[in-house]
Each structure stands twice: as C-alpha cells, then as structure tokens.
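Close look at the chain arrangement
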Amino acid sequence: MPPGITTLAADAPTLSAANTGFMLICSALVMLMTPALAFFYGGMVRVKSTLNMLMMSFISLGIVTILWVLYGFSLAFGTDSGSIIGWSSDYVGLSGIGITELWDGYTIPVYVFAVFQLMFAIITPALISGALADRVKFTSWALFITLWVTVVYFPVAHWVWGAGGWLFELGVIDFAGGTAVHINAGAAALGVILVIGKRVGFKKDPMRPHSLPLVMLGAGLLWFGWFGFNAGSWLGNDDGVGAVMFVNTQVATAAAMLAWLGYEKLRHGSFTTLGAASGAVAGLVAITPAGGAVSPLGAIAVGAIAGVLCAMAVGLKYKFGYDDSLDVVGVHLVGGVAGSLLIGLFATGGVQSDAKGLFYGGGLDQLGKQAVGVFAVLAYSLVVSAILAFLVDKTIGMRVEEDDEVSGIDQVEHAETAYDFSGAGGGAAPRSTTPAPGTTAAPTNKKVDA
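Residues numbered from 1 in each chain as written. Predicted model: local features only at pLDDT ≥ 70, side-chain atom pairs only at ≥ 80, totals over all residues. Heavy atoms only, no water.

1. Section: the overall build of the protein chain
- Each helix and strand in the protein chain was counted, giving 15 helices and two strands.
- Taken over C-alpha atoms, the radius of gyration comes to 24 Å for the protein chain, in line with the 22 Å a tight globule of 450 residues would show.
- With respect to the three principal axes, the spread of C-alpha positions in the protein chain is 95 × 45 × 45 Å.
- Counting over 450 residues, the protein chain shows a buried share of 54%.
- Residue pairs in contact within the protein chain that sit at least 24 positions apart in sequence constitute 77% of those at least 6 positions apart.
- Roughly 18400 Å² of accessible area belongs to the protein chain as shown, and the carbon and sulfur atoms make up 65% of that amount.
- Measuring between centres, the 20 positive side-chain charges of the protein chain sit 18 Å from its 28 negative side-chain charges. (Helix = DSSP H or I, 4+ residues; strand = E, 2+ residues; numbered from the N terminus. Rg over C-alpha atoms; globule rule 2.2 N^0.38 Å. Buried < 20%, exposed > 50% of the residue type's maximum accessible area, 1.4 Å probe, protein only. Contact = heavy atoms within 4.5 Å. Areas by Shrake-Rupley, 256 points an atom, 1.4 Å probe, with all protein chains shown as cover. Lys, Arg positive; Asp, Glu negative; His and termini not counted. Charge placed at Lys NZ, Arg CZ, Asp CG, Glu CD.)

2. A closer look at the environment of Val69
- Within the fold, Val69 resides in helix α2 (residues 50-77).
- For the pair Val69 and Tyr322, spaced 253 residues apart in the sequence, the C-alpha separation amounts to 36 Å.
- Leave out the neighbours within four places in its chain, and Val69 touches Tyr91, Val92, Gly93 and Leu94.

3. Observations concerning the confidence of the model for the protein chain
- Scored by pLDDT, the protein chain comes out at a mean of 92, with 91% of its residues at no less than 70.
- Scored below 50 in pLDDT, residues 427-450 shows seven contacts in the model against residues more than four places distant or in partner chains. (pLDDT = per-residue confidence, 0-100.)

4. A closer look at helix α10 (residues 296-313)
- Its 18 residues give α10 an end-to-end C-alpha distance of 25 Å, which sits within 8% of 26 Å, the value for a rise of 1.5 Å per residue.
- For α10, the full list of buried residues reads Gly298, Ala299, Val302, Gly303, Ala306, Gly307, Cys310, Ala311 and Ala313.
- Residues of α10 that are buried make contact with α8 (241-268), α9 (273-290), α11 (316-320) and α12 (328-346). (Expected span 1.5 Å × (residues − 1).)

5. Regarding the packing of aromatic side chains
- Summed over the entire model, instances satisfying the criterion amount to 25 aromatic pairs.
- Residues Trp148 and Tyr153 carry aromatic rings whose centres are separated by 6.5 Å and whose planes lie at 35° to one another, so their mutual orientation is tilted. There is no split in this pair, since Trp148 and Tyr153 are both buried.
- Seen in terms of ring centroids, Phe202 and Tyr318 are 5.8 Å apart; in terms of plane orientation they differ by 10°. Their pairing is stacked. Here Phe202, found in the loop between α6 (178-196) and α7 (212-231), pairs with Tyr318, found in helix α11; they are 116 residues apart in sequence, far enough to count as distant. (Phe/Tyr/Trp six-rings, centres within 6.5 Å; stacked < 30°, edge-to-face > 60°.)

6. Points about the packing of α7 against α8
- Direction vectors running N to C along α7 and α8 enclose 140°, while the axes themselves pass 9 Å from each other. Classified by the angle between their axes, α7 and α8 sit oblique to one another. The interaxial crossing formed by α7 with α8 has right-handed handedness. On the side of α7, the interface is formed by Trp223, Phe227, Asn230 and Ala231, while α8 contributes Gly242, Met245, Phe246, Thr249, Gln250, Thr253, Ala254 and Met257.
- Residues of the contact of α7 with α8, tallied by class, amount to seven nonpolar, five polar and no charged. (Axes fitted to C-alpha atoms, helices over the stretch in contact; angles between N-to-C directions. Parallel < 35°, antiparallel > 145°, perpendicular 65-115°, else oblique. Left-handed = near helix turned anticlockwise from the far one by under 90°. Nonpolar A, V, L, I, M, F, W, Y, C, P; charged D, E, K, R; others polar.)

7. A word on the side chain of Glu405
- Tracing the sequence through the fold places Glu405 in helix α14 (residues 402-407).
- By relative accessible area, Glu405 is classed as buried at 4%.
- The contact partners of Glu405, leaving out residues within four places of it in the chain, are Lys48, Asp134, Arg135, Arg199, Val200, Arg399 and Val400.

8. A closer look at the side chain of Thr249
- Mapping Thr249 onto the fold places it in helix α8.
- Engagement of the side chain of Thr249 in a polar contact is seen with the backbone oxygen of Met245, the distance being 2.7 Å.
- Among residues more than four places away in sequence, those in contact with Thr249 are Phe227, Asn230, Leu284 and Ile287. (Polar contact = N/O pair within 3.5 Å; in protein donor to acceptor, adjacent residues only side chain to side chain.)

9. Considering the pattern of salt bridges
- The full count for this structure, using the stated rule, is six salt bridges.
- One salt bridge in this structure joins Asp134 and Arg46, with 3.2 Å as the shortest N-O distance. Here Arg46 lies in the loop between α1 (17-44) and α2 and Asp134 lies in the loop between α3 (110-129) and α4 (138-161), a separation of 88 residues in the sequence. Here the two residues Asp134 and Arg46 agree in accessibility, since each one is buried.
- The salt bridge partner of Asp365 is Lys369, with a shortest N-O separation of 3.5 Å. Placement of both Asp365 and Lys369 in helix α13 (residues 365-395) is noted, with a separation of four residues, approximately one turn of the helix. (Salt bridge = Lys/Arg side-chain N within 4 Å of Asp/Glu carboxyl O.)

10. Examining the nonpolar core
- By size, the foremost hydrophobic cluster in this structure holds 110 residues, and its most contacted members are Phe73 and Leu132.
- Each residue touching Leu132, except ones within four places of it in the same chain, is listed here: Met56, Trp141, Val192, Ile193, Ile196 and Ser325.
- Counting residues in each nonpolar core, the second largest holds 16 residues, with Ala299, Phe346, Ala347 and Ala355 among its members. (Core = buried A, V, L, I, M, F, W, Y, C linked by side-chain atoms within 4.5 Å.)

If you want it as structure tokens, here you go:
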C-alpha cells in the first residue's frame, strides 16, 4: 500500500472519477469481508457458540468505525511524529477535510482513502476473535477491541503505511497488510490466549465445526472480498500494478488451497472441506504483503509454501498447549510471516518497486528489511496485547464462568440460540408396521400420525 509516495508525473494529480469509483467499490468489498469472516468463524465453532462468534466480528464494525472517525485516522495517517505515530487535527472527526481534497499524490479524495483504510482497521481485531472462541465475555471483548485498536493497530498502521512511519521509511514492503493486519492480529491472538487460558475440554472434547457449509460460504466470500482488499491497495488503476495484484491474489490462493489439501491427504488420508477453506485463507494471507512485488509464478510459490507451512502450523497448539480455537495463529500469523519474508526471495523489482529479492539478484538486503518489519510488529503486538488482556481480565474479567462456557455462551451472553428447532415438527415420526426380518409384528390398534 503506497500512501505518502508522491506521483512521478510533472503535473499535480486531479480527481479521477474512475479511480474514485473503483476505490469505493473496493472499500465495499473489504467491508463485506468482516461478515464473511463471521460466517467462516461461525461455522467452525460448536452450535452453542455460533451467535457469539458472529457477534465478535460484527461488533468490530460498530466500535472501530466510531473510533476511526474520532481519532484513529489521525493517529494512523496524520502528520508523522517521531516515525512512531501520526496526528492531524483536520482528521479528528474527519471535520477538516474538503470533499474534493485529494490524498497526497493520488487521484482519489481523502474521504475515499479514509473509508478504504477504515475497512482494514475493522477486520483486523475481528481476526483475533477466532482464537478466543467459546470463552470470552462480550463486554470484555468490546473493551479489548477499543483498547487494542488504539494502542496497537493505529500505531502499527502508521509504522507500515504512514508517510514518515519507521518501517515505511526503512523500505519494508507490505502491499496490503501482511504485517499491519495478519501478523498483527495473529500475534495479538497468541498474546491474549496465553493470558486467558484454554477452553474447558481442550484436548479432550472433539470441538468439531458445527456447519462446514457455513465455513465454505465464509471462505468463498472472503476470497471474493479479498480482491478489493489487495487490488485496491494501490489506490488506483492507472499503471497495471493493481491488475497484477488481482491476478496474483487468485493464483496464490489456488496454489495454497491445493498445497494444503495435498499435505492433508498425505498426512491424514483425506481431502477435507475445512482444509480447502483454510488453505484458501492461508494463500490470501500470504499473498497480501507480497502480491505487488512478485510475478504470477512467484505467487504460485508463495501460495504453495504458505499452504504447507500453515497446514503444519495448526497442529502446534496441541504440541505446545496453547488453545488457538480456530487457528488464527496457525493461519494468520504463520501465513503473514511467510508471505512477508518470501518477498525477500521472490520480489522481481518490476512491479510495485525496483526492490529485488535474493532469487532475482537483489541479495539479502530486502529479506533483512522484511525480517525487521515482521519481528518488530510481532513482538510489539504480542506483548502489548497480552498486557491489555491481563488488565481487562483483572478489572472486569475476560472469561465467562466455567458452567456458562459448558452450557453455551450464546444463551448466557446474548439470550439467543443460533437455531430454533421448536417448530421443526410436533408429531411423532410414523412407526413402520413392517416386521423386521425374522420377527413377527405385534398387533396394534393405535392410530399413527401421518
């Protein structure tokens, strides 16, 4: 994502209706990804937690939108202060922005850039929620989101994408959110679950997904929305870079899905729908930072490597004993790290910038920069997220009571259930009068309901 990079054209840019319309469509596509994530996660949990899982994503649409307007956009993309944070009073409340004022160096209004970036800010904390399924108070989760986006997401977004941000100035490549979104969310998820502990029955109860069709629906909508997430991150459609990113998004996602399924067949003997959905998401995550730097062949490599690595990583929670309910660490953290570091190997120097990876004659320079970005964001998010979870837990408490967790968090937190079977039928099923082989039917004069 290129905010702050000035155009090379001699003339100052003017508002482009085409680019503006394109970016509004991309913003809507990214917004769709949060409900899609809710479906994806909602199908992966047990029936008794479905609504809570949906709501943990949906509430982010409300909370983060308001915070972004009040001060988030200013912190993330305002005038740089010390390469750590931004601030511009005109951005507070979005009150000092002219309706035709353009984002610096681009042909789209500031309002369009702000709303596009808002959608990224919304989905990032929603990603964390999958690691915490079944056991977190809804009010505590809402408070955690408020604190987390303020002290983690907004500053990290400035580091990575804001003009003057220290990772931006270092030359770390993150086209659409490998560090700022996926590593950030994955590391945060790990930090929180280390504080709040495991679900009741972890490693004992099967805890299987209750609706794989819902998972597949969510994954398909995520794949669809991700084209806006990735292709839109060039903030225009004038030079073909966004088109390359669109192609690479499709290619890497397909490669990752196939790689995950291949690993799964060799390792476990089956091609599963959950594996297909998870593999696709792993590919989307990995190509997000890299898609503007690699060729389509490089995208195949990025997707395939990420698919296998993420498939291997989801089992680490059983080995190390951390309860990552829906594999946020295994997919988003590992996929984000893989995609970000692979830029240092596969960057061609011929798409979004002239930076080349090791395999294209660039040496280890870009790989080193990518590693700095990866581990800086990982460490900051992990530590600060754990501290925030600890503070919330010690004040209002993060977890529901054990009995409530066992009986079902939906009923306790939302006074609802996902599925109402009360009207499914009141009569008993008709009884067969045909005797089983080798038996004699007993005579009956009972009337059987049709």
